[in-house]
Amino acid sequence: MGLLGSLFSAAADIAKETITETMNQNETEKFIKIMMERDAQNAEANEKLYQDWLTHERSNYFAAKKNTIIHDAFDVLMDSFEDTGKFDFSAVDSLSDELKSSDSYKQEAADVVNLCCEALVKLHQKCCISIRFVMQTIHNLQRFADIVPSIRGLDRHYDAFFPVDNADCSFLTDFDSIAEGLEAAKNDSDNYLAMVGSNSPLSRLAALKDILKSEDYVAAVSNLLFADQEVAPYAGMKKMILCLSMEETDEATALLLDTYCTVIMNYLRLSTAKEKVGKDNPFISASTEQILPIDLLIAQSIKSSKSGSPQEVDTNLDEFLEYYPLICTSSWEDQLFILQKVFAYLKMYSQERKVLEFLVKNNIPRTEQIDRRLNFLKNLNQNDISNAANSIEEFSIQTSDNEIAYDYRFISWTVSEINSYMNLLTSEDKTLDLPMVVAEWNKKIPQKNIRWSTDAMQVYLDKYLHENFGDLYTTKIKNCGAVLSNEVEYEPSVYIEATDSAKYPWLSFVVTGEQLTMTQVSFAIYALYLPTKDSQCTQAVDTIEQNQKYQNRPITLKQAQNPKIKNYIESINEILISGLEAWLNNNNTSSMYD
């Protein structure tokens, strides 16, 4: 090959190499381009995957954070309940509407409601809290009723406890007297049937045991609060327990009374003031006392009074006085006064004094009458009162306008007996109302062919009184008689009554006569003290002051301590005797048998 051939061959080789290199470079660039395009596509996909992962993680984080925020808020709620027995809703209320609409919020609310119902039932069964506390807690939880419909309306009888403690108050509260209230409880036969029927609290208490076995605590709360009944039988239970306590104690009544003590303790029992659950031992209250409802305490007092053992109620009374003012937020002072009146009515004076001393010790507002009552009880000799109650009969007589019943015993009683009787009346918060004989004159007059006439006697006596006293006295024929064992043997008599203008308007006189034989008539003049017309006594501020003045008046008359009154009575007596003599001198002498 020549030089030229060699050159062309070399050039061809070079060209070949160049073409090969160019082709390789193009392939490389093409490959690189393809790879770059592929990488771009992968990067977009990876970025999407990364963003999806990031979004998922962020969502999980915030969801967990929301759950934590909700959970923490409900922890604050439950912590406040465990610490104080009250709910602090501030943390829950501060949650956003978004959080409140979340499933987590609904679940937390449902858990709290169910946990609280369980805690309330268990605490109540362990005598740690009262129904009042259960009602208040359930009422506060009603804000979750849309989430947990099963608790809606469980507080339907909330008004029975709040704002006034109606359920905690005695059935006797609205009556003018204790006797009237007890009579109302005793005569309520419809209540008796309701309290022993198929839907009675007694039946409910038996049903509650089955509910507790099934651990349906919402149903148990409904049972305790009578949520399924339109009217809660709180008043009926109180009447029932009072009624049974007044019944004659036979075996059946005693059993029913004991059973209803259990019922009323379950549905109206009180407990100590704080009613809080201990944090160290959740939902177990520390240092609680089982306090009797006031009507159960009254029922026990009635029963012990009947048995002659009033001291049996002292322990329960002491606990009641210690805790009741702390438990009930309103009206409890009025209830203590009801209790004081009950003890006075039952003649349980040591227990009454204990209540009054509690009022003074705790600076509870009270009247001067209460302080005088306490002073009276402090100076009272209960043995003397017991002796007087056993030996002196108390009279209760209803008379018409044409009848005058009087107490003849005062004329023969000693000062000591008068004092004992008046103290007995005062201890029972009663006043003197029957007229009492403070002086008398008796005479049997023999005269032939005499004929007694009350009508004629009234004419003569009216004439003599008018001549001596003008219009200061009036005479009427009325049926008069002395009281004997709450009975009166009336007989027509001349009743001489002083007007308000008379010197002593509280003095009146009875002139009576009896035909013994055709030749003998028995006359009697009785001077009566009328306590209801003695304005100095009737205007007294209370029973104690009134009876003290009543007590002084007959003693003064009996001992003739006031000569003016003594002479006044003697003067009227002489005038009446003159009228009797005038009638005798002018008496129709026809036979009484004509």
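Please refer to the structure higher up on the page.
A brief report on the enclosed structure follows. These numbers were taken from a predicted model, which means no experiment stands behind them.

Reading the values: rules and limits
- Along each chain, residues carry numbers from 1 onward, in the same order as the chain's sequence is written.
- For this predicted model, a pLDDT threshold of at least 70 governs which residues receive local features, and a threshold of 80 or more governs which side-chain atom pairs are given and counted, while totals over whole chains, interfaces and linings are taken from all residues.
- Hydrogens and water molecules were not included; the side-chain quantities draw on all heavy atoms of the structure.
- Helix axes use the C-alpha atoms of the stretch in contact, all axes being lines fitted to C-alpha atoms, and the angles between their N-to-C directions lie in the range 0 to 180 degrees.
- Only runs of H or I of at least four residues qualify as helices and only runs of E of at least two qualify as strands under DSSP, and these elements are numbered from the N terminus.
- An angle below 35 degrees is read as roughly parallel, one above 145 as roughly antiparallel, one from 65 to 115 as roughly perpendicular, and any other as oblique.
- By convention the crossing between two helices is left-handed if the near helix lies anticlockwise of the far one by an angle smaller than a right angle, and right-handed if it lies clockwise.
- Contact definition: two residues touch when any of their heavy atoms are within 4.5 Å.
- Under this grouping Gly is polar, as are all residues other than the nonpolar Ala, Val, Leu, Ile, Met, Phe, Trp, Tyr, Cys and Pro and the charged Asp, Glu, Lys and Arg.
- Helix span, as expected, comes to 1.5 Å for every residue beyond the first.
- For the exposure calls, accessible area comes from a 1.4 Å probe over protein chains only, and a residue counts as buried if that area is under 20% of its type's maximum, exposed if over 50%, partly exposed in between.
- Working note: the arc is built from the helix axis to C-beta atom directions.
- One speaks of a salt bridge when a side-chain nitrogen belonging to Lys or Arg is within 4 Å of a carboxyl oxygen belonging to Asp or Glu.

1. A word on the packing of helix α19 (residues 454-469) against helix α22 (residues 563-585)
Look at α19 against α22: their axes get within 9 Å of each other, and the N-to-C directions meet at 135 degrees. As the angle between them shows, α19 and α22 are arranged oblique. Relative to α22, α19 is oriented so that their crossing is right-handed. Contacts from Ala456, Met457, Tyr460, Leu461, Tyr464, Leu465, Asn468 and Phe469 of α19 reach α22 at Tyr568, Ile572, Ile575, Leu576, Ser578, Gly579, Leu580, Ala582 and Trp583. The residue inventory of the contact of α19 with α22, partitioned by class, reads 14 nonpolar, 3 polar and no charged.

2. Thoughts on α19
The terminal C-alpha atoms of α19 lie 22 Å apart, and with 16 residues this matches the ideal 22 Å at 1.5 Å per residue to within 8%. Along α19, the positions that sit buried rather than exposed are Thr454, Met457, Gln458, Leu461, Leu465 and Phe469. On an axial view of α19, the arc spanned by its buried residues comes to 100 degrees, and they lie on one face. Away from the buried face of α19 by more than 90 degrees, exposed residues Asp455, Val459 and Glu467 are located. Check the buried side of α19 and you find it contacts β5 (473-484), β7 (491-498), β8 (507-517), β9 (520-529) and α22. Looking one or two residues beyond α19, the residue adopting positive phi is glycine 470, at roughly 70 degrees.

3. A closer look at the pattern of salt bridges
Scanning all chains against the criterion turns up 17 salt bridges. A salt bridge links lysine 347 to glutamate 428; its shortest N-O distance comes to 2.9 Å. Placement of the pair is lysine 347 in the loop between α14 (332-345) and α15 (349-361) and glutamate 428 in the loop between α18 (415-427) and β4 (436-446), with a sequence separation of 81 residues. Among the ionic contacts, a cluster of salt bridges with common partners joins Asp314, Asp318 and Lys354.

Don't take any of this as a statement about function, it's just geometry.
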